[in-house]
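# Analysis of the macromolecular model
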Amino acid sequence: MKKIIKWYILPLGILILSLVAALFAGSKSISVKDIITVLSGGGSAFQKVIIFQVRIPRIIAAASTGAALSVSGYLIQNNLNNTLASPGILGINNGAGLFVLLFACLFPYHYAGKCFAAFIGALLVTTAIYILASVTGMSKTSIVLSGVAFSALCLSVIDIIISLKPETVADRVAFQIGGFNALNINSVKFAVPFIIIILIASLIMAPSLDILMLGDDVAGGLGLNIKFYRAAHILFAALLSGAAVSMCGIIGFMGLIVPNVVRLFYRGNSRGGIFLCMVIGASFLTLCDLLGRSLVYPYELPCGLFLSLIGAPFLVWMLIKKRKRLGMA
Amino acid sequence: MIEVKNLKTKYSYGDEFSVASALFENGRISGVIGKNGSGKSTLLKTLAGQRKYEGRILINQKECSEYSSMERAKEVAFLPQSVKNLNMDVRTLVEHGRYPYHGNFRRMGEEDEKKVNRALELTHMKSFEKRDLYELSGGERQLAYLSMIIAQDSSMILMDEPTTYMDRIHQDEFFSILRILVKEGKGIVMVCHDIEQCFAYCDKIFLMEDRKLEYAGTPDDFTQNEQIIRRNFGIAMKKSEDQESVYPFVMKK
């Protein structure tokens, strides 16, 4: 019972609190009272538009992006047995970035399509890595190495495009900071259901991730189909980051920090780990976005900024604490 | 029981590995010995279904390659030479031994809990169940993995040099655990690097030479064919006449 409260009810409570906070707090043009009126069916047309077309989609996008990127990082790290790995290491971010840029060159004024391009880019890079790694033998090292190779390849193509067409640089900068101020409601409708489906699938398949972590020989001895499950988890990770990147650009630190924080205080199985990453990632990014849009109102700071500002010292502090607990300090 | 007939498998660099015939029975500890690179680990991996092969490997009368990987894991457990040091507590690790039975979709049932507890008690790791693998010594970690393999509850257990990181006391404890398992009817096949130990604890010994199974017999059979051991290890194994010696067979020049 204590376990259920600690690992399920407490994190869910934090998530609900942050969602409510994000709904009511924020820009000052609409009061708490107005929001309650709108939610119960009243309010002016303008207020309705703000709440239903702007604020709620934005909260949903922030929460699902947080969950998606955190779980994506967790899947990749556990799969490759490398806590430094993240969607960034596998070149997924740069792949998405490249496609956004290519799309911006071809259709400069087509904003919605840009999100879709990011999604395709992330998927293509992952597929390419997977094929390359299969050819070379599918070891964990070869997956990381091919990721690094593709990352560099995408980056150099990005630089070529910028050198030839300098006017596209603005698109790239906006994309690389990452945030929800230019959120497109169509990309939310496209990406969020997708993220939810993959999150559920990865929760279901979580036990196989536990077995994979034991190493190929032990996992094989326990009857796990190693190639299939490794491919499945990496594909899930790519789809999750692709969907997230398609909404908000690259929020790189998320996939690294949340899984590591979860791992520092939780040592149960992967299903619990994925659940915690999901809930904590969602709450954390929702709160960062809330800070970003309310602190310097009427201006906005990208939420990725707060993410690193709060997350980085926190991670370091947790690492020091853990060292002490294990008696290594 | 694992029965091998005309087994062949190729290494990636082209050499061939072969076993004309061998029988690994239940209720026995079978030791596999041989020089480095003689194919001991390859034999174990192939028996565990982790390599492609030609010929026949019958696991409880059914061809190894005809099993689905999960079904095979219920018949044969495999503990490799090197195991991972993970951010995971001992009990969680041992519970993973039940994966072939519950897979991704079913939860741990009463039967699973029982097997896990039994395994932890057998290896005296019960008091360590909340500890992290990181906090254990090499030998203790090996015992934790052994508990996982025991919880897997397969009829055959294959192990590759399992006592490498253990001190003498842990090694003795380890073999007494194996004895209990064997008495329950399980069959154990283990690669040994300590020949005296192998002669002391194994019921049957399989000698690998140049990627072939060269000779199989009881420890007594080996002492009668002295030149086989000498050819491979440069020593002779003799029955000990000294009452105070630790092992019944000892190395001689």
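Since the model is a prediction, treat every value here as computed from it, not as a measurement.

### Brief notes about the overall build of chain B
Looking only at helices and strands, chain B has ten helices and twelve strands in total. In summary, chain B has a C-alpha radius of gyration of 18 Å against a globular reference of 18 Å for 253 residues, a match within 12%. Overall size of chain B, expressed as C-alpha extent along the three principal axes, is 55 × 45 × 35 Å. Relative to its full complement of 253 residues, chain B shows a buried share of 40%. Sequence-distant contacts in chain B: of pairs separated by 6 or more residues, those separated by 24 or more amount to 66%.

### Structural notes on the confidence of the model for chain B
The predicted coordinates of low-pLDDT regions are not to be read in fine detail. All names here are of chain B. On average, chain B scores 91 in pLDDT, and the residues at 70 or more come to 100%. Of all secondary-structure elements in chain B, the lowest mean pLDDT belongs to strand β12 (residues 249-252), at 86, while strand β8 (residues 187-191) reaches the highest, 96. Per the prediction output, this complex has pTM 0.84; the corresponding ipTM is 0.89.

### Brief notes about the interface of chain B and chain A
The interface of chain B with chain A comprises 23 residues on the first partner and 21 residues on the second. Going through the elements one at a time, α2 (69-75), β6 (76-79), α3 (90-96) and α4 (99-102) of chain B are the ones with two or more residues in the side of chain B that touches chain A. No other element matches α2(B), which puts four residues into the side of chain B that touches chain A. Residue composition of the side of chain B that touches chain A, by class: twelve nonpolar, seven polar and four charged.

### Let's talk about the nonpolar core
Val71(A), Leu240(A) and Leu158(B) are the most contacted members of the largest nonpolar core, which has 158 residues in total. In terms of residue count, the dominant contributor to this core is helix α13 (residues 270-294) of chain A (14 residues). Apart from the residues within four sequence positions on either side, Leu240(A) is in contact with Ala68(A), Val71(A), Ser72(A), Ile195(A) and Ile198(A).

### Description of helix α11 (residues 226-248) of chain A
Residues separated by three or four positions in an α-helix point in the same direction, a consequence of the helix having 3.6 residues per turn. Helix length check: α11(A), at 23 residues, gives a terminal C-alpha distance of 33 Å against a target of 33 Å (1.5 Å per residue), a fit within 8%. A positive phi of about 80° marks Gly249(A), the residue just after α11(A).

### Some thoughts on the pairing of β6(B)
Residues in a regular strand point their side chains to alternate faces of the sheet. All names here are of chain B. Side chains of β6 alternate between two faces, with Val76 and Phe78 and Ala77 and Leu79 buried alike. Relative to strand β7 (residues 156-160), β6 is paired through four bridges, and the arrangement is parallel. Of the residues in β7, the one forming a bridge with Ala77 is Ile157.

### Quick notes on the packing of helix α1 (residues 2-24) of chain A against α13(A)
Residue and element names in this part refer to chain A. Two elements in contact, α1 and α13, have axes separated by 9 Å at closest approach and are oriented at 20°. Taken together, the axis directions place α1 and α13 in an arrangement best described as roughly parallel. Read as a crossing pair, α1 and α13 show a hand that is left-handed. Here Trp7, Pro11, Leu12, Ile14, Leu15, Ser18, Leu19, Ala21 and Ala22 of α1 come into contact with α13, specifically with Gly272, Leu276, Val279, Ile280, Ala282, Ser283, Thr286, Leu287, Asp289 and Leu290. Looking at the contact of α1 with α13 residue by residue, the classes come out as 14 nonpolar, four polar and one charged.

### Focus: the environment of Asn36(B)
Residues and elements named next belong to chain B. When you line up the elements, Asn36 lands in the loop between β3 (29-34) and α1 (40-47). Among the residues examined, Asn36 registers 7 C-beta atoms within 10 Å and is labelled exposed. With 157 residues separating them in the primary sequence, Asn36 and His193 have C-alpha atoms 9.2 Å apart.

### Considerations on unusual backbone geometry
All names here are of chain B. With a phi angle near 45°, Asn6 is a residue other than glycine that sits in the positive phi range. Tracing the chain through its elements places Asn6 in strand β1 (residues 2-10). Since 12 C-beta atoms lie within 10 Å of it, Asn6 is described here as exposed. Here Gln61, not a glycine, exhibits a phi torsion of approximately 70°, which is positive.

### So, the pairing of β8(B)
Residues and elements named next belong to chain B. Buried residues dominate β8, accounting for five of its five residues. Burial along β8 is two-sided: the face carrying Gly187, Val189 and Val191 and the face carrying Ile188 and Met190 are both buried. Pairing geometry for β3 and β8, over four bridges, is parallel. Opposite Ser30, over in β8, you have Val189 as the bridge partner. Pairing between β7 and β8: five bridges, direction parallel. Directly across from Met159, in β8, lies its bridge partner Met190. Viewed along the sheet, the connection from β7 through helix α7 (residues 168-183) into β8 turns out right-handed.

Parameters and conventions
Residues numbered from 1 in each chain as written. Chains lettered and ligands numbered in written order. Predicted model: local features only at pLDDT ≥ 70, side-chain atom pairs only at ≥ 80, totals over all residues. Helix = DSSP H or I, 4+ residues; strand = E, 2+ residues; numbered from the N terminus. Rg over C-alpha atoms; globule rule 2.2 N^0.38 Å. Buried ≥ 20, exposed ≤ 12 C-beta atoms within 10 Å, placed from the backbone. Contact = placed C-beta atoms within 7 Å. pLDDT = per-residue confidence, 0-100. Nonpolar A, V, L, I, M, F, W, Y, C, P; charged D, E, K, R; others polar. Core = buried A, V, L, I, M, F, W, Y, C linked by C-beta atoms within 7 Å. Expected span 1.5 Å × (residues − 1). Pairing = 2+ DSSP bridges. Axes fitted to C-alpha atoms, helices over the stretch in contact; angles between N-to-C directions. Parallel < 35°, antiparallel > 145°, perpendicular 65-115°, else oblique. Left-handed = near helix turned anticlockwise from the far one by under 90°. Right-handed = clockwise from strand over helix to strand, strands pointing away.

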